[in-house]
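Letter by letter, the chains look like this.
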Amino acid sequence: MSRQLRDVVFVDGVRTPFGRSKGQYAETRADDLVIKCIRELMRRNPNLPPERVSEVAIAATTQIGDQGLTIGRTAAMLSGLPNSVPGFAIDRMCAGALTAVTTTAGGIAFGSYDVVIAGGVEHMGRHPMGEGVDPNPRIISEKIVDPEALAMGNTAENLHDRYPAITKERCDAYAVASQTKAAAAYEAGLIQPDLVPVATRSADAGWGLATTDEPMRPQTTMESLGSLKTPFRSHGRVTAGNAAGINDGATACLLAAEDVALELGLEPKMRLVSYAFAGVEAEFMGAGPIPSTEKALANAGLTIDDIDAFEINEAFAVQVLSLLDHYGIADDDARVNPFGGAIAFGHPLASSGVRLMNQLATQFAQDPSKRYGITTMCVGLGMGGTIVWENPNWNGTTEGDAK
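Residues numbered from 1 in each chain as written. Predicted model: local features only at pLDDT ≥ 70, side-chain atom pairs only at ≥ 80, totals over all residues. Heavy atoms only, no water.

Naming follows an unreviewed UniProt entry, where the chain appears as Thiolase family protein of Nocardioides cavernaquae. The heading Sequence similarities (unreviewed entry) in the UniProt record of the chain holds the text "Belongs to the thiolase-like superfamily. Thiolase family." (UniProt positions renumbered as here; feature names shortened; annotations may be inferred.)

A few words on the overall build of the chain. Within the chain one finds 13 helices and twelve strands. Relative to the globule expectation of 22 Å for 403 residues, the C-alpha radius of gyration of the chain, 20 Å, shows essentially globular dimensions. C-alpha extents for the chain along the principal axes are approximately 60 × 55 × 50 Å. Sorting the 403 residues of the chain into buried and exposed places 56% on the buried side. Taking all contacts inside the chain whose residues are at least 6 apart in sequence as the whole, residues at least 24 apart take part in 79%. (Helix = DSSP H or I, 4+ residues; strand = E, 2+ residues; numbered from the N terminus. Rg over C-alpha atoms; globule rule 2.2 N^0.38 Å. Buried < 20%, exposed > 50% of the residue type's maximum accessible area, 1.4 Å probe, protein only. Contact = heavy atoms within 4.5 Å.)

This part covers the pattern of salt bridges. Considering all chains together, one arrives at 22 salt bridges under this definition. Here Asp 213 ties to Arg 15 by a salt bridge, and the two come within 2.7 Å at their closest N and O atoms. Of the two residues, Asp 213 sits in the loop between strand S7 (206–210) and helix H7 (222–226) while Arg 15 sits in strand S1 (residues 8–15), which places them 198 residues apart along the sequence. Just as Asp 213 is buried, Arg 15 falls in that class too. Between Arg 233 and Asp 161 there is a salt bridge whose closest N-O contact spans 3.0 Å. (Salt bridge = Lys/Arg side-chain N within 4 Å of Asp/Glu carboxyl O.)

Estimated volume of the largest pocket: approximately 500 Å³. Phe 232, Ala 244, Gly 245, Ile 246 and Phe 316 are, among the 24 residues lining the largest pocket, the residues nearest its centre. Residue classes in the lining of the largest pocket are distributed as 18 nonpolar, five polar and one charged. What lines the second largest pocket is a set of 16 residues, and nearest its centre among them are Met 93, Gly 130, Val 133, Leu 150 and Leu 381. Taken together, the residues that form the lining of the second largest pocket break down as ten nonpolar, four polar and two charged. (1 Å grid on protein atoms, 1.4 Å probe; cavity = no way out; pocket = protein on both sides within 12 Å on 5 of 7 lines; lining within 4 Å. Points joined across faces, edges and corners; volume = space filled by probe spheres on them. Nonpolar A, V, L, I, M, F, W, Y, C, P; charged D, E, K, R; others polar.)

Below you can see the structure in the form of structure tokens.
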């Protein structure tokens, strides 16, 4: 029996403001951050009957404590969704939420789901990356992976070695631009619609309300970055200023079959075109988006010249610049992360994929001449993930025509 695959659309996405490790969410549970996002999605989309949600997929890199216990199911239950709504947990390190989206999108296309909630959470203040893990000793003894690959900062320094044209100065300049663009996006009110305020509490400060991304440093300059230490290598190039920090936060989005979205009166913001994951040497983890993007474009029958908008996760500036250099794209290309990226907002590992999607959807909404965009990120242990999206409101013109 042949089966017609259905188109999958991104309907809506939200996130908590991101926090610094040991910062505004120091005494907030990880699962409560996810629950806040799920409840906000349902509140913002009153046309969606809760019983029509087919699945809840939530990613976490460190699935322990309040990020464990099949968090997709427990978060669904605690969010007030009907008991009929199942859920599961996902781990693909930094690409957790991105994988939650692609995995459930496949189910939608195949007809197994109609509407899903997909997202991710990472409370790195409570659960540092690697907490409780027990790597098989063969990984080191048989030299399957260089021990340096187990520290992401070391892999970024290795990427500098591979791409000597990507200097520390270029990375610092990129980082300053990310901070500047993020501050401008806040000033223009472009980030706030994605954010869910979160009530916080601490023994010292009492009750509070998290409404903005805590890691942002809008006053960053080349001079201030130039004085930072290079903790991963003496006289290295990777610093706390040109890399994402150690952060806490959660994200969630609504995906649906396009015909179901139309039936329920849900307005799609993006249409999924293709996706791909790829592996690289773990020691050069940051290069992962290069082959994953090549595969995703090939799957879509597109080239890089067809892409009008990019949201690239800024785990490290060198990782973004390696992808741009591969495709001959300028460091300051206006299509790339126009609202800033993880260097400014933060990177709570498994949650970040949906932040990229939110910002790409904003790019599409701002400019209907943009037809195709990508969300992409590097992934620990040597992987990359890329999704190609289409603007459902594309007006049939190019950016040049529109201008």
